[in-house]
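Breakdown of the fold
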Amino acid sequence: MADRHNSEMPGDDTPKKLHRRDFVTGAVTVGAGLAAGATTAWNAWSQGVQPPTPMPTIPIECVPPVPFGQANAFGAPGSGPVRVRKSVFDLDASEVSRLRAAYAELQKITKRDDPRGWYRQGAVHCWYCSGAGDSLNGMEIHGGWWFLAWHRAYLYFHETILGSLIGDPSFALPYWDWDSCTDDPKDMTGRNRFPGEVYGFPTDPDPGSLFDTTRAVGKDDRIPPIYVGPSAMKPILDARVFTDFGGSGNEELPVFAQTANAPQQAGALEAGPHGLVHLWTTDPKNFSGLANMGMLAAAGFDPVFFAHHANIDRLWSVWAGKPQHANPSNERWLNQQPFYFYDQAQVWTGIVPAQMLDSEKSLSYRYQPPKWPPTAVVASATPEAAPAAIRVAQSQPLSVPLVALETTAQPRALPPQPTTLQIALPEAVKPRITALAAPASPATLVLRIDGVEIPADRGAVVQVFVNQPDIAAPAEGSQPGYVGSIVIVPSTGKRSLGLHPTITRNFGFPLSAEQAAGLAGKDNLSVTLVPVTGANRPPEVLRYRQVYLSSRQ
Ligand code: C2O
């Protein structure tokens, strides 16, 4: 792997001015968007979406107020304090009041064109995700390799705006470490519960500025550990290449996916636990996805979104800090796609992923590890011994499929009942799989499900098992053979399908060492797809094109 250390990272030599014409979207430019003059009313794009209580009902319009002229290129913050992000469960009383005060200030800004206000801050996410009632949107940053970097930048600007509103440059967002739990669904002691003591429960007499009326989680709800427990997180955090962990653009995809009319692969962190927590927050029983958290276009309007994403961002740091792990070295990822945000001084600013890989150095924040389990000794807020080296490398491409269980030109409907795809492994393939699955093998086996399609106003959760054909119902706790879930969060609300009526995603599930070893010497391979959502949906709503097993060095 080619290592490239921070001193060689671009950044200082990034062009100082980014041109407005760089802000090109899938189909429209900002200029065109503004000309179209979006005025669709909030409640016309999704029933049930309500802004937090003190906010007036306002029209939703995702298009940011883009200034004429050029964007400023991001420059690393100067000498301010390093902001320490802690688990929401580890905050003390004064940190909780500070958080509430910061969001209260944000909500006080009601001027529509002030980019620091609650409405504009939430609309930033909408703009980068399918748009809202106006059907206008920027580039899509979900479902591929922009996901982690774009959200890291969004959190950075949001956090520094909040800090400036309360005059506290040490203000840091908390993270919601839903992965701090055990594999036992009956264990109620983990953090796979809603942090309502900070973000408010509906039954609270005064739920405060962090409350959102569109959540449906109660005190007794727990995220089933099959999605977020240690067994689920291990293969994700051990994924050897960025593509499998954090997603990829079309350069790194295998031939199959390129024909599937969808140019990217969603990373395992985004496509599984990330999406599930979105859906669970608004519908903890059925994961059907309702606004705000349960719909990407509206998710940024719920303050807990930022705690959820701080955890995603922390897990990216954890993954990148492990030996051998490296972020993409592809120039297109590192330097060629600026993301635009308003900073705390309301300056329109462009930032590229290369400027955020060493987040302590360039963005002045770091994570205090969770104090969980409560008995564990956790180093206090002092920095970790030595920050991990910043590595970048090209992901090794996926091998051609070792064996394909489904390949159709026309997408195939996934019925609401469990479906098992079976194949007898050809004699020529068996020894190859056995060798790849050996404990000493440097390869990872990756199960891919490509071309998964669903209408953009629907979500889906489908558990995926290898060689467990008898699974007849969704599991809650860890299960042998469970490789992950297909999780899709609705992009937008009903009646606002607009320019992007269908979501298409490609999924890759890196098998754990144990799961790979379980395939050695087998005569058959089966993949069982167990829909968790959609018992009442028409079967043709959720479709897929290819299911195959490949390997990656
Ligand atoms: Cu931009 Cu959790 O989504």
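So, a few notes on the structure that sits alongside this text. Everything numeric in this text was worked out from a predicted model, so none of it was measured.

This part takes up helix α4 (residues 118-127). An α-helical turn contains 3.6 residues, so a residue and the one three or four places further along point in the same direction. Burial analysis of α4 places 10 of its 10 residues in the buried class, the great majority of the element. Listed as buried for α4 are W118, Y119, R120, Q121, G122, A123, V124, H125, C126 and W127.

Now for unusual backbone geometry. Trans is the common state for peptide bonds, and a negative phi is the common state for residues other than glycine. Cis peptide bonds are those with omega within 30 degrees of zero, and the linkage from W372 to P373 qualifies with -5°. Take P373: it is sitting in the loop between β7 (365-367) and β8 (392-393). Here S364, not a glycine, exhibits a phi torsion of approximately 60°, which is positive. Mapped onto the elements, S364 comes out in the loop between α15 (359-363) and β7.

Any pair of aromatic rings gets described here by the distance separating the centres and the angle formed by the planes. All chains considered together, the criterion is met by 30 aromatic pairs. Ring centres of Y365 and Y367 lie 5.6 Å apart, and the angle between their planes is 85°; this geometry places the pair in the edge-to-face category. Owing to a relative accessible area of 0%, Y365 belongs among the buried residues under this scheme. In this structure, R85 is placed above the aromatic ring of Y365, and the distance from its NZ or CZ to the ring centre is 3.6 Å. Sitting over the ring of W316, R152 keeps its end group 3.9 Å from the ring centre.

The final tally for this structure, using the stated rule, is 25 salt bridges. Measuring nitrogen to oxygen at the nearest pair gives 2.8 Å for the salt bridge that ties R85 to E159. On the criterion of sequence distance, the pair formed by R85 in strand β3 (residues 83-85) and E159 in helix α5 (residues 147-165) is long-range, its members being 74 residues apart. Classification of R85 by relative accessible area gives buried; the value is 0%. E159 gets classed as buried once you look at its relative accessible area, which sits at 0%. A salt bridge links K108 to E105; the nearest nitrogen and oxygen atoms lie 2.8 Å apart.

Below, the discussion takes up helix α3 (residues 93-108). Its 16 residues place the ends of α3 23 Å apart at the C-alpha level, agreeing with the 22 Å of an ideal helix rising 1.5 Å per residue. Among all positions in α3, only E95, V96, L99, A102, Y103, L106 and Q107 are buried. End-on view of α3: buried residues confined to an arc of 135°, all on one side of the axis. Set apart from the buried face of α3 by more than 90 degrees, the exposed residues are A93, S94 and K108.

A two-sided burial pattern is seen for strand β6 (residues 348-351), the buried positions comprising W348 and G350 on one face and T349 and I351 on the other. Summarising the sheet, strand β5 (residues 339-342) and β6 pair through four bridges and their orientation is antiparallel. Along β6, the bridge assignment pairs F341 with T349.

This paragraph deals with the sheet that holds strand β9 (residues 403-413). Read across the open sheet, the four strands follow the order β9-β16-β11-β14; overall the sheet is antiparallel. Edge positions in the sheet fall to β9 and β14 (502-510), since each of these pairs with one other strand and no more. Going from strand to strand, the sheet's axes swing by 20° on average, the running direction of each strand aside. Sheet analysis places strand β11 (residues 444-455) next to strand β16 (residues 543-552), joined by eight bridges and oriented antiparallel. When the sheet's bridge partners are listed, D450 is paired in β16 with Q546.

Cut-offs used in this document
Residues numbered from 1 in each chain as written. Predicted model: local features only at pLDDT ≥ 70, side-chain atom pairs only at ≥ 80, totals over all residues. Heavy atoms only, no water. Buried < 20%, exposed > 50% of the residue type's maximum accessible area, 1.4 Å probe, protein only. Helix = DSSP H or I, 4+ residues; strand = E, 2+ residues; numbered from the N terminus. Phe/Tyr/Trp six-rings, centres within 6.5 Å; stacked < 30°, edge-to-face > 60°. Lys NZ or Arg CZ within 6 Å of the ring centre and 35° of its normal. Salt bridge = Lys/Arg side-chain N within 4 Å of Asp/Glu carboxyl O. Expected span 1.5 Å × (residues − 1). Arc of directions from axis to C-beta. Pairing = 2+ DSSP bridges. Axes fitted to C-alpha atoms, helices over the stretch in contact; angles between N-to-C directions.

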